[in-house]
Amino acid sequence: MNAVLYLEYDSHEKQSNPAPNRMSKYLSNRRDALSAPVLPVSRQTREPIKSQGVMQREPLVFFIMRLNLKAVLLVLTVAVVVITLGVYMRCAAFSFSTNLVRPLYRASRQSSSGGEATALHDIECSINQEYTVHCKRDENENEVYVPFSFLRNYFDVSGAVSTSSNEVAKFNWVHSTAKVNLPRGKYDARGVFMYFENYNVEVRDRVKCISAAEGVPVSTQWEKRGYFYPTQIAQFALSHYSKNLTEPAPRVRVLEDGDGNQMEWNTPMTSNMTRIWHHKFNTSVVQFETAPGYEGVISIALNQTLDLLLTVDLLLVTNSSSLMITVQNRDTRHIYTLHYIPADLLLSVQDTNIYYGLGGLALNKWRHITRDLHIDLQKGVIGDKRSPQKVRRSDLEVISIGFLGLGFFDNITLSTSDHLAHFYDAAEWFVHNQDLKTGGWTNPVRRSLNGFAELRPGWISAMGQGHAISVLARAYWHSGGDERYLRAAAAGLQPYRVYSRDGGVLAQFMDKFYWYEEYPTTPPSYVLNGFIYSLLGLYDLNSTAPGKIAREAGNLFAQGMYSLKKMLLLFDTGSGTSYDLRHLSLGVAPNLARWDYHATHVNQLLLLATIDSDPLIAQTAERWKGYMFGRRAKHN
């Protein structure tokens, strides 16, 4: 090694001399060193040289300072790689976990393909060797992906992709979309009926309208022209009774009562309106008389929204008299007029005019009318191409109320709801439409069930009887003991004692267990949900009626509960329930209950478990509830 490698300039000079002077001295010293004879390196040469009392740096430091930094980093990198490979080669038994390697491999694949997922390849899936379905295969994952559209039908499940602002997209797989309603406590015959506060019977598509003459729904379930279906009417009543107990008190606006609340009515010159004292009612009422034609209408202008429940006491004198309500859809700006006229008419629509009949016998009689203007408008605009099929309640505004012809009115109000009025309308219907000979509320339409003889008009349903008795028992209690409701409910017990073949609802399973038939078919069909509803009606009457009537209802209830406990497990399929027992009556395949009917079975048993402590009921309800989440009975 050349001795020049150990030559350094004085550190003191480095600090005191300007940069050009340092460089010139360095070059001068270097020339002197090159011209000097070459000397061997000795121990003394390696000793640090002291100049002016300052220790010179070690020559190795100068050498490192001059090396290329990149070369140093390259050497370090090579060293790390060599050491790592050496360790790996010495540990022959070492291996990475598959779960660790697979995500890393997938990530590298996605990175190499610009972020795209691993490609899926087409593959045909053979389903039970009967048909094929187009699927996708991921060879790297050893997975086959089957379309959910196939799974939905194959396994009777549901699913949808949901996204939110705070979450990534997620697919929600649901075995059953039906809902289980847990009881709030022990069932009370005077309280909410099951979970019927959630029912909105009047908005159903199979409800043609709410009759203006009777105040109850008109069904089109089995006949398009419309008819009164006792089961549906009872559900309408029970839902409103339950809503009255669970919803806040309604907001009520009194428009005109002839006394303290009076409105400024627009009265044309050819029409008259006066407030007169009614001695029988001991209050003032409004008398009106208008000229023929719409130009004679007396009216008040409004801009009422949300409060769309109209009530009015009304007496019409002539056939040309009517009550008129003008409503605007604020979204579409369309204006409709609802007419309530004294005629035998369910519902008629002419352009923007919707007519409801108050009945042919409506003249010269005071009527308390309760109308949900939103429902009346909705049922009228169905089929109107200019208007959306579904009208939002919040879009409607009452523009005016008017009267035409000759008549009297009093107590006009608009409110958010009047559930008890709807309930009592239905209770009155059951009082006035009961077959006095049989005690039943008959169904005026034909009913066909596959495999069974057709039911002719006039058949009685145990479910309809039970529902009606539940309504009347509550009306009797809530009214403070109105005997009309009690008598009708007691008469409704008669069909429970008469066999189906003789016009009643009673059947017998294996000549031993008594069953109340929702559909009185031949042979018996043993529908489960309708049977349990019929039992609830018996329980309600037993809990509210006095003496003999209560005992009779109680005996029929006990007889039915005994049969239910003996036959209940016949409806269990291991993964769901049967709607009825036609597989035993007809020797055919089981009629499996849809998930909504299966949920009804569960809800009914959960309610019965609050009034009957037999563990069979509660245990069966829990098992059936599990079926709704994909659980199944065990294999052998």
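Everything discussed here concerns the structure shown above.
Below, the structure is looked at part by part. (Residues numbered from 1 in each chain as written. Predicted model: local features only at pLDDT ≥ 70, side-chain atom pairs only at ≥ 80, totals over all residues. Heavy atoms only, no water.)

Comments concerning the overall build of the protein chain
Then, number 1: Broken down by element type, the protein chain carries 17 helices and 23 strands.
Then, number 2: The buried share of the protein chain, reckoned over its 636 residues, is 43%.
Then, number 3: Summarising the internal contacts of the protein chain: among those between residues at least 6 apart in sequence, 62% fall at separations of at least 24.
Then, number 4: When the accessible surface of the protein chain is totalled, it reaches about 35,100 Å², and 54% of it is carbon and sulfur. (Helix = DSSP H or I, 4+ residues; strand = E, 2+ residues; numbered from the N terminus. Buried < 20%, exposed > 50% of the residue type's maximum accessible area, 1.4 Å probe, protein only. Contact = heavy atoms within 4.5 Å. Areas by Shrake-Rupley, 256 points an atom, 1.4 Å probe, with all protein chains shown as cover.)

With respect to the sheet that holds strand β5 (residues 143–145)
Then, number 1: As summarised here, the arrangement of the 3 strands in space is β3-β4-β5, forming an open sheet in which the pairing is antiparallel. Two strands close off the open sheet at either side, each with one partner strand: β3 (121–127) and β5. Pairwise comparison of adjacent strand axes, ignoring direction, gives a mean angle of 45° for this sheet.
Then, number 2: Sheet topology places strand β4 (residues 131–138) next to β5; 3 bridges connect them, and they run antiparallel. What sits directly across from Lys136, in β5, is Tyr145. (Pairing = 2+ DSSP bridges. Axes fitted to C-alpha atoms, helices over the stretch in contact; angles between N-to-C directions.)

Points about the packing of helix α8 (residues 230–246) against helix α10 (residues 419–432)
Then, number 1: α10 packs onto α8 with a crossing angle of 150° between their chain directions and a minimal axis gap of 8 Å. Judged by the inter-axis angle, α8 sits roughly antiparallel to α10. α10 is crossed by α8, and the crossing has left-handed handedness. Mapping the contact onto sequence places Pro230, Ile233, Ala234, Phe236, Ala237, His240, Tyr241, Lys243 and Asn244 in α8 and His419, Leu420, His422, Phe423, Ala426, Trp429 and Phe430 in α10.
Then, number 2: Residue composition of the contact of α8 with α10, grouped by class: 11 nonpolar, 4 polar and 1 charged. (Parallel < 35°, antiparallel > 145°, perpendicular 65-115°, else oblique. Left-handed = near helix turned anticlockwise from the far one by under 90°. Nonpolar A, V, L, I, M, F, W, Y, C, P; charged D, E, K, R; others polar.)

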